[in-house]
Each structure stands twice: as structure tokens, then as C-alpha cells.
Amino acid sequence: MDFSLTPKQREVVELARAIAQEEIKVASLIIDKNGIVPDSLMNILKQSGMTQLAIPKEYGGAGLDILTVAMVAEQLAMGCAGIATICAANALATFPVLQAGNEEQKNIWCNCLNEGGMAAFALTEPGAGSDAGAVSCQAKKVDDGYLISGNKSFITNGPIADKIALFANTRQEGGIRGLTLFMVDAKAKGVSIGKKEDKMGIRASSTSEIIFEDCFVPDSQRIGREGRGFKIAMQTLQTSRPVVGALSVGIAQAALDEAVAYSQQRKQFGAKVSSFQMVQEMIANMAMKIEAARGLVYRACVMQMNNDPQAAMFSAMSKCYASDIAMEVTTDAVQVMGGVGYTRDFFGEKYMRDAKIMQLYEGTNQIQRLVIANEVLH
Ligand code: COS
């Protein structure tokens, strides 16, 4: 399988690496503490195209394929997984619009992001997490449009979004056959931001409730047919899950690099701790797991690009495996670093906190295993 990039794609990945190392990583411990991303850093992300990763050439973007998007996400996560999540969430919200929107809708959406706008993917609700079909947010048909009412929760980019890819139910009785996608302006009347979450990790990324109270959305902002929303959401998550895998690989690689550097300067018993075989065993295992995960993530991306019939399973596998190893590797990195890794003055414990969400968002790893088992058993 070919993971090679064109010179242009390689340039974008290199740019992401430079931004991650020179602009993001240096600021990330402070951002992690106060949860505020400076405007200057947001501007760098916007001007460099990092918040528009999913936008095709014909809509004014760089036209990156999903493999390149994943490689960029991996690099950004090596700087800070919270910042990388801000960019990845814009892509997640854009995928369903590109998948099911008409020309006008795609143009409106992409122009907004190209001009520095931010986006949120609003599927989850207090009562609809893993059970995505249980969405109760209602879209009631009225003349020329819909009145939307309901609460969305744990929405990444919620507080900073300009555009919302919103899944609501056009059937009063609920159920997946009523799920419908809308493109909603975050400043529209009847849209407000509710509770902002105080999270364990990825603290650079803001997460909140979004509340809809009789928000009028015109017919022209319904994306796809009524009742198509569940399939659009599933296809979107299938596309995006390898990107979560890539974020996980980035966190794990950063943790390994940190642990290696520390082990090569820390001395105990008169020798560098990297010279001890028990530490070497941990380092070797960490490196092996990261390479296995990276290979699986890249493979899942190429399978999507080739419309391989097993793409959904590999997407789930890549997200599940990479996030599980990110948790293991970051935990071991703290172990190698000892007490220092446990303090907030160093990156070790941050990587561990950031890794945890990768096992949870865009479908818990239990859900990924259901998708995999379903495919293997049928
Ligand atoms: N692409 C396109 N369509 C898909 C699909 C995919 N990857 N996966 C499923 N579908 C379609 C199926 O083809 C089926 O359509 P038909 O009814 O026309 O046959 C429909 O969706 C229902 O599929 P299925 O019966 O497999 O769905 P389930 O209700 O069993 O639910 C899970 C499947 C549990 C896998 C799904 O609810 C899920 O992914 N949940 C996690 C949601 C999530 O990730 N939440 C995180 C919040 S978003 S950040």
C-alpha cells in the first residue's frame, strides 16, 4: 500500500510540523492551564489553512486527501492535542456538508471557513451519545423551513463556532429514520451556548452545550433529504475516525520523544536510566506500538480513498487501536519519567490526560469494537 505524498502534500505536512513545534508546543502548557488559546495562535492556524483541512480545491481549499489530513493532524497533535482537536473538529463538521450538501450550501460553508470561520459538528445530546439514533432535538416543519428546539452537549468548538452541522429529528416520534442534517448559523436567533465543560484534557479545545429554542432554519439550509441524517452521520464518522487515530499517534509519539530525551539525561546508580534494560523494554514496546498504530491509521485512510468495502471496519480499528496505544504509551512515558512526569511543569501528565479523550470521542472504543465485530462476524 502506497503512503507516499506528492511534494505539495509533503509541504503541508511539513508546515504543520513547523507550526506544531515552533508555535504550538511552546505555548501549550500555559494554554492547558488556563484553557485560553491566544488570538495570535488562532490566526496562525487560520492563515496557514489548518482550520480548513477538509476543504476541496474547487471550494477554495488545499484539496487534501484524507491521508494527508491525518498526517497533518498527527503533526499538530505532537504540538498539542487540544489545538489539533480544534482543527480536526472543523474538518469533522465539514465532511457531512461536502458529502450531502448542494453546490450553494458547500460554497457558503467553505467560504465561511476560508474566511477564518469555525465550525462544530452537533450530533451528541444528553440522551444520545453512543446511541446516536436517539437524537431528540426536534425540527418541526413550518412554512419555508423548520423550527429547531433541543439541546446538544459535549460539542467541540461549540463556543467558537460560526457554523453548526446540526442533526435534528424531523419525526416527532424520533428514531433514526427522522434524523436530518441542517447547516445552522451560530448567530441565528434561538441559538445559544450553554454550559462550557471543564475537561481533564485537550483543554485548549473548547467544548460546550448548544441550546436551540425555536430557531428558524430555512429549507435552503437542510442538507440532504429528511431522514438521511443518520447515514450521513455514520459516513462522516467513518471518514473522520482515522483522523482521531492520527491525533492519538501524534500524542503517543510526542510522549515517547519526551520519555526518551528524559531517560538519556537522567542518571541513577551512576548511569543514564536509558541504559537500564527494564527502561529499554518499555521504550522498545512504546516505539513498536506507535509504528503499528501509524501503519493502521494510514492504511485506513488509503482504504477510504479507494472506497474499499472494508473501509468502515478499518476506520474503527484505526481509531480504537491508536487511541488504546496512546493511553498505554503516555502512561508508560510518565513511568519512565518518574515523579517529574507526574508534575504539571513537564509534558508527561498532559499527554496522558490528552490521550484519554481519544478513547472516548467520535465513538467510544466499545462502539468501535461493535463495528469491528459486526463486520468480522457477518
Ligand atoms: N456509512 C453509511 N451508512 C452507514 C454506516 C456507514 N459507515 N454505518 C451504518 N450505516 C447505515 C446502515 O447501512 C443502516 O442503514 P439501513 O437502515 O438503511 O440499512 C443504518 O445506518 C443503521 O445502521 P446500523 O443498524 O448498523 O446502526 P445501529 O443503530 O446498530 O448503530 C452504531 C450503529 C452503534 C455503530 C452507531 O449508532 C454509532 O456509530 N454510534 C456511535 C456514535 C458516535 O460515534 N457518537 C460520538 C459522537 S459524535 S463526535
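Owing to the predicted nature of the structure, the values given are computational and were not obtained by experimental measurement.

Right, let's get into the packing of helix α1 (residues 7–34) against helix α3 (residues 66–79). Relative to each other, α1 and α3 sit at 20 degrees, their axes nearing to 7 Å. Considering their axes alone, α1 and α3 lie roughly parallel with respect to each other. In terms of crossing hand, the pair formed by α1 and α3 is right-handed. Contacts from Gln9, Val12, Val13, Ala16, Arg17, Ala20, Gln21, Ile24, Lys25 and Ser28 in α1 reach Thr68, Met71, Val72, Gln75, Leu76, Met78 and Gly79 in α3.

Right, let's get into the site of the ligand. In the neighbourhood of the ligand, 19 residues make up the surrounding shell, with Ser130, Arg177, Lys231, Gln238 and Arg241 lying closest. Between the ligand and Arg177 there is a distance of 2.7 Å, counted from an oxygen atom to a side-chain nitrogen or oxygen. Lys231 has a polar side-chain atom sitting 3.1 Å from an oxygen atom of the ligand. Protein contacts shield 64% of the accessible area of the ligand, which totals 1000 Å² for the unbound molecule. Taken together, the elements giving at least two residues each to the shell around the ligand come down to α6 (229–265) and α10 (365–377). By residue number, the principal contributor to the shell around the ligand is α6, which donates seven residues.

Glancing now at a positive patch on the surface. Taken together, the side chains of Arg171, Arg177, Arg225, Arg228 and Lys231 define a basic patch exposed on the protein surface. The exposure class assigned to Arg171 is partly exposed, which follows from its relative accessible area of 39%.

Ranked by internal contacts, the top residues of the largest apolar core, which has 71 residues, are Met50 and Ile83. Among the elements of the structure, α1, α2 (39–47), α3, α4 (81–100), α6, α7 (277–305), α8 (311–337) and α9 (348–358) are those that each provide at least two residues to this core. In terms of residue count, the dominant contributor to this core is α6 (11 residues). Contacts of Ile83, omitting those with residues within four sequence positions, involve Ile24, Ile31, Val37, Leu41, Leu45 and Ala204. Within the second largest apolar cluster, 45 residues are counted, among which are Ile55, Leu98, Ile155 and Val184.

Within an α-helix, residues lying three or four positions from one another point in the same direction, as the helix has 3.6 residues per turn. When the terminal C-alpha atoms of α8 are compared, their 38 Å separation across 27 residues agrees well with the 39 Å that a helix rising 1.5 Å per residue should span. The element α8 is largely enclosed, with a buried count of 20 among its 27 residues. Phi turns positive one or two residues past the end of α8, at Gly338, with a value near 65 degrees.

Okay, the UniProt feature "domain: Acyl-CoA dehydrogenase/oxidase C-terminal" (unreviewed entry) in the protein next. The UniProt entry lists residues 227–376 under the feature "domain: Acyl-CoA dehydrogenase/oxidase C-terminal" (unreviewed entry), expressed in the numbering used here. Note that residues 227–376 is 77% helix and 3% strand, and that its end C-alpha atoms are spaced 28 Å apart.

Within this structure, the stated rule accounts for 17 salt bridges. Across the pair Glu258 and Lys25 runs a salt bridge, and its minimum N-O distance is 4.0 Å. Placement of the pair is Glu258 in helix α6 and Lys25 in helix α1, with a sequence separation of 233 residues. The pair Glu258 / Lys25 is uniform in exposure class, with both members buried. One salt bridge in this structure joins Asp219 and Lys141, with 2.8 Å as the shortest N-O distance. Here the residue Asp219 occupies a position in the loop between β7 (207–218) and β8 (222–223), and Lys141 occupies one in strand β2 (residues 138–142), the gap between them amounting to 78 residues. For Asp219, a relative accessible area of 30% puts it in the partly exposed group. Using a relative accessible area of 45% as the deciding quantity, one classes Lys141 as partly exposed.

A separate point is the packing of aromatic side chains. Scanning the model with the defined rule gives five aromatic pairs in all. Ring centres of Phe121 and Phe167 lie 5.2 Å apart, and the angle between their planes is 65 degrees; this geometry places the pair in the edge-to-face category. With a gap of 46 residues between them, Phe121 in strand β1 (residues 119–122) and Phe167 in strand β4 (residues 163–169) connect regions that are remote in the sequence. According to the relative accessible area criterion, Phe167 is buried, its value standing at 0%. Here Phe269 and Phe276 contribute two aromatic rings whose centre-to-centre distance is 6.3 Å and whose plane-to-plane angle is 75 degrees, an arrangement assigned as edge-to-face. Classification of Phe276 as partly exposed rests on a relative accessible area of 28%. The ring of Phe347 has Lys25 sitting right over it, with the charged end atom 4.8 Å from the ring centre.

Conventions adopted
Residues numbered from 1 in each chain as written. Predicted model: local features only at pLDDT ≥ 70, side-chain atom pairs only at ≥ 80, totals over all residues. Heavy atoms only, no water. Axes fitted to C-alpha atoms, helices over the stretch in contact; angles between N-to-C directions. Helix = DSSP H or I, 4+ residues; strand = E, 2+ residues; numbered from the N terminus. Parallel < 35°, antiparallel > 145°, perpendicular 65-115°, else oblique. Left-handed = near helix turned anticlockwise from the far one by under 90°. Contact = heavy atoms within 4.5 Å. Near = heavy atom within 4 Å. Polar contact = N/O pair within 3.5 Å; in protein donor to acceptor, adjacent residues only side chain to side chain. Areas by Shrake-Rupley, 256 points an atom, 1.4 Å probe, with all protein chains shown as cover. Patch = residues over 30% accessible without salt bridge, like charges linked within 9 Å, V, L, I, M, F, W, Y side chains within 5 Å. Salt bridge = Lys/Arg side-chain N within 4 Å of Asp/Glu carboxyl O. Lys, Arg positive; Asp, Glu negative; His and termini not counted. Charge placed at Lys NZ, Arg CZ, Asp CG, Glu CD. Buried < 20%, exposed > 50% of the residue type's maximum accessible area, 1.4 Å probe, protein only. Core = buried A, V, L, I, M, F, W, Y, C linked by side-chain atoms within 4.5 Å. Expected span 1.5 Å × (residues − 1). UniProt positions renumbered as here; feature names shortened; annotations may be inferred. Phe/Tyr/Trp six-rings, centres within 6.5 Å; stacked < 30°, edge-to-face > 60°. Lys NZ or Arg CZ within 6 Å of the ring centre and 35° of its normal.

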